[in-house]
Amino acid sequence: MTKPLEGIKIIDFTHVQAGPACTQLLAWFGADVIKVERPGSGDVTRNQLRDIPDADALYFTMLNSNKKSLTLDTKKPEGKEVLEKLIRESDVLVENFGPGALDRMGFSWERLNELNPKMIVASVKGFSDGHHYDDLKVYENVAQCAGGAASTTGFWDGPPTISAAALGDSNTGMHLAIGILTALLGRDKTGKGQKVAVSMQDSVLNLCRVKLRDQQRLERVGYLEEYPQYPHGEFGDVVPRGGNAGGGGQPGWVLKCKGWETDPNAYIYFTIQGHAWEPICKALGKPEWIDDPSYKTAQARQPHIFDIFKTIEAWLADKTKFEAVDILRKFDIPCAPVLTMKELANDPSLRASGTIVEVPHKKRGSYLTVGSPIKFSDMKPEVTASPLLGEHTEEVLLGLGYSRQDIFNLREIKAV
Ligand code: COA
């Protein structure tokens, strides 16, 4: 089956997570992704948090599937020459080096555009160009702080908190993938490449849109009715941390289920959707709440919402999180068990859909990874193993017209 991005050649000059997550996605969809890595060491994640000595770490294998690996020292003249050849015949170059690294290597946007005016040059940086912090190197948690996620995550009596979800890294990579695909469509119309830049701060902020909504509401009315601070607590002049409160018009909370005393994940998320109040009361065996004026409307419930959650917890006390959801789903109540990584890894539905996949690897044996979260009717993205360091160096150089002897003599592809 031909894949939509087949024939698109991508120079993958990315490392760690933000860039690799982007190029991995494009590789799943058929692009020919050639990861250019420093001879001898390669992407730092090959070595980070290793669980098997001498085998690429999961950090690397889970972000670099379906790619080729070319080792090349792109700071040396002959290495630059190889890269230039590759640039001339590629459609996209993706990079997420620290600010200015590509320019220092001699590959500014102007130079790249001169070498191949049709090429799209896509970059991830911590902050956008011209921002007063645009010289900073940035990792995930730094981005979560700079993009507004940390100040609005966690509990009101605790410090700003980082989410485990890679809002700064993989999320930025997904934004970049959208930018690249848009630029490729644009190129079909204009015949020209362009620069696509995404900052981690902007990508985090894009996901914190509702918090900027709340800042403006707070400034106008002085309170936020869906936050636990309302109506008994105090509001300052910035959006507070709301614990596990729902971010929309539906109050919700993480509630204890049977076994919570020993199992730290024996919880469900329970949402009190306004128009589902009647089914909620029926599910909980509280029909008297349906028409009670202190429960009937969302406004009436809010002052004692935590007492309502306590009553629901009493109902949950003899039910596991799975049993509870099985009952509540019959009443159309939006809820879910709090699932652990172990439960997700073994979830038959996720295995069947290709969201959790087992991939054979030359050195590691097989490993689990997260496959494409995007599903298509005409294509099932297949996940293949990440490349060993330099596994495709010869193949790529032969494709660029180098002879086996040239390749043998080329010092810039070898570790020194
Ligand atoms: N051959 C020769 N040199 C190479 C090379 C190759 N194949 N690949 C990379 N390099 C060099 C670069 O030219 C650069 O050299 P220079 O600093 O002397 O100019 C260096 O290796 C890489 O630098 P940098 O990207 O700054 O690495 P770092 O480890 O110091 O910083 C980050 C890592 C992630 C903090 C930084 O890359 C960054 O801020 N990136 C942008 C934001 C980002 O994507 N962060 C999230 C990562 S998940």
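Just so we're clear, the structure is a prediction, and the values are computed from it rather than from any experiment. (Residues numbered from 1 in each chain as written. Predicted model: local features only at pLDDT ≥ 70, side-chain atom pairs only at ≥ 80, totals over all residues. Heavy atoms only, no water.)

Structurally, the position occupied by Glu219 is in helix H9 (residues 209-221). Residue classification places Glu219 among the exposed residues on the basis of a relative accessible area of 59%. Between the C-alpha atoms of Glu219 and Val239, which are 20 residues apart in sequence, the distance is 9.4 Å. Only 2.7 Å separates the side chain of Glu219 from the side chain of Gln215, close enough to count as a polar contact. (Helix = DSSP H or I, 4+ residues; strand = E, 2+ residues; numbered from the N terminus. Buried < 20%, exposed > 50% of the residue type's maximum accessible area, 1.4 Å probe, protein only. Polar contact = N/O pair within 3.5 Å; in protein donor to acceptor, adjacent residues only side chain to side chain.)

In this structure, Thr355 sits in the loop between helix H15 (348-353) and strand S10 (356-361). When its relative accessible area of 19% is taken as the criterion, Thr355 is described as buried.

Quick look at the nonpolar core now. Counting residues in each nonpolar core, the largest one holds 37 residues, and the members touching the most others are Ile10, Leu26, Val92, Val94, Leu176 and Ile180. Mapped onto this core, the elements with two or more residues apiece are helix H1 (18-28), strand S4 (92-95), strand S5 (120-125), helix H7 (170-190), strand S6 (195-199), helix H8 (200-207) and S10. Counting residues per element, this core draws most heavily on H1, at six residues. Excluding anything up to four places from it in sequence, Val92 contacts Ile8, Lys9, Ile10, Ile11, Met119, Ile120, Ile180 and Leu184. (Core = buried A, V, L, I, M, F, W, Y, C linked by side-chain atoms within 4.5 Å. Contact = heavy atoms within 4.5 Å.)

Now for the site of the ligand. Around the ligand sit 23 residues in total, of which Arg38, Lys75, Gly98, Lys137 and Val138 are the nearest. For the ligand, a nitrogen atom lies 2.8 Å from a polar atom in the backbone of Leu72. Within the contact set of the ligand, an oxygen atom lies 2.8 Å away from a backbone nitrogen or oxygen of Gly98. Its free accessible area being 930 Å², the ligand has 84% of it covered by the protein chains. (Near = heavy atom within 4 Å. Areas by Shrake-Rupley, 256 points an atom, 1.4 Å probe, with all protein chains shown as cover.)

UniProt's feature table lists "binding site: substrate" (unreviewed entry) at Gly248, Gly249 and Gln250, given in the numbering used throughout. Structurally, Gly248 is set in the loop between H9 and strand S7 (252-256). In this structure Gly248 touches Arg213 and Glu226, once residues within four positions along its chain are discounted. Relative to the helices and strands, Gly249 is located in the loop between H9 and S7. In this structure Gly249 comes out as exposed when scored by relative accessible area, which is 62%. (UniProt positions renumbered as here; feature names shortened; annotations may be inferred.)

Pairs of packed helices are described in terms of their axes, by the angle between the two and the distance that separates them. Direction vectors running N to C along H7 and H8 enclose 95°, while the axes themselves pass 9 Å from each other. As summarised for this structure, H7 and H8 are arranged roughly perpendicular, according to the angle between their axes. Residues Asn171, Thr172 and His175 of H7 form the contact with H8, whose own contacting residues are Met200, Ser203, Val204, Asn206 and Leu207. Residues that form the contact of H7 with H8 fall into these classes: three nonpolar, five polar and no charged. (Axes fitted to C-alpha atoms, helices over the stretch in contact; angles between N-to-C directions. Parallel < 35°, antiparallel > 145°, perpendicular 65-115°, else oblique. Nonpolar A, V, L, I, M, F, W, Y, C, P; charged D, E, K, R; others polar.)

We now examine a positive patch on the surface. Taken together, the side chains of Arg38, Lys75, Arg104 and Lys137 make up a positively charged region of the molecular surface. If you trace the backbone, Arg104 turns up in helix H4 (residues 101-104). By relative accessible area, Arg104 is classed as exposed at 64%. (Patch = residues over 30% accessible without salt bridge, like charges linked within 9 Å, V, L, I, M, F, W, Y side chains within 5 Å. Salt bridge = Lys/Arg side-chain N within 4 Å of Asp/Glu carboxyl O. Lys, Arg positive; Asp, Glu negative; His and termini not counted. Charge placed at Lys NZ, Arg CZ, Asp CG, Glu CD.)

Cross-referencing UniProt, the feature "active site" (unreviewed entry) maps to Asp169 in the present numbering. Of note, Asp169 is situated in the loop between helix H6 (140-146) and H7. Residue class for Asp169 comes out buried when judged on its relative accessible area of 7%. When neighbours within four sequence positions are excluded, Asp169 is seen to be in contact with Gln17, Ala18, Glu140 and Met200.

Our next topic: the environment of Thr311. Inspection of the secondary structure assignment puts Thr311 in helix H12 (residues 305-316). For the pair Thr311 and Glu225, spaced 86 residues apart in the sequence, the C-alpha separation amounts to 21 Å. Residues contacting Thr311, with those up to four places away along its chain left out, are Lys286 and Trp289.

Right, let's get into the sheet that holds strand S1 (residues 9-13). If you trace the six strands from one edge of the open sheet to the other, you get S3-S2-S1-S4-S5-S6, paired in parallel fashion. What marks the edges here is a single partner per strand, and that holds for strand S3 (68-71) and S6. The sheet shows a mean angle of 20° between the axes of neighbouring strands, direction not considered. Here four bridges tie S1 to S4, and the two strands are oriented parallel to one another. Note that in S4 the partner of Phe13 across the bridge is Glu95. (Pairing = 2+ DSSP bridges.)

Of note, the amide linkage connecting Tyr230 to Pro231 takes the cis form, showing an omega dihedral of 0°. With respect to the secondary-structure elements, Pro231 resides in the loop between H9 and S7. Its identity is not glycine, yet Val16 carries a phi of approximately 60°, on the positive side. Along the chain, Val16 turns up in the loop between S1 and H1.

With that settled, the discussion passes to the packing of aromatic side chains. In total, this model carries 13 aromatic pairs according to the counting rule given. Measuring from ring centre to ring centre gives 6.4 Å for Trp277 and Tyr295, while their planes differ by 10°; the resulting arrangement is stacked. In this pair, Trp277 is assigned in helix H10 (residues 277-284) and Tyr295 in the loop between H10 and helix H11 (298-301), connecting sequence segments 18 residues apart. For the pair Trp277 and Tyr295, one class covers both residues: buried. Pairwise contacts between aromatic rings join Phe155, Trp156, Trp253, Phe306 and Phe309 into one cluster. For the cation-ring pair, Arg301 lies above Trp277, with the distance from its terminal atom to the ring centre recorded as 4.1 Å. (Phe/Tyr/Trp six-rings, centres within 6.5 Å; stacked < 30°, edge-to-face > 60°. Lys NZ or Arg CZ within 6 Å of the ring centre and 35° of its normal.)

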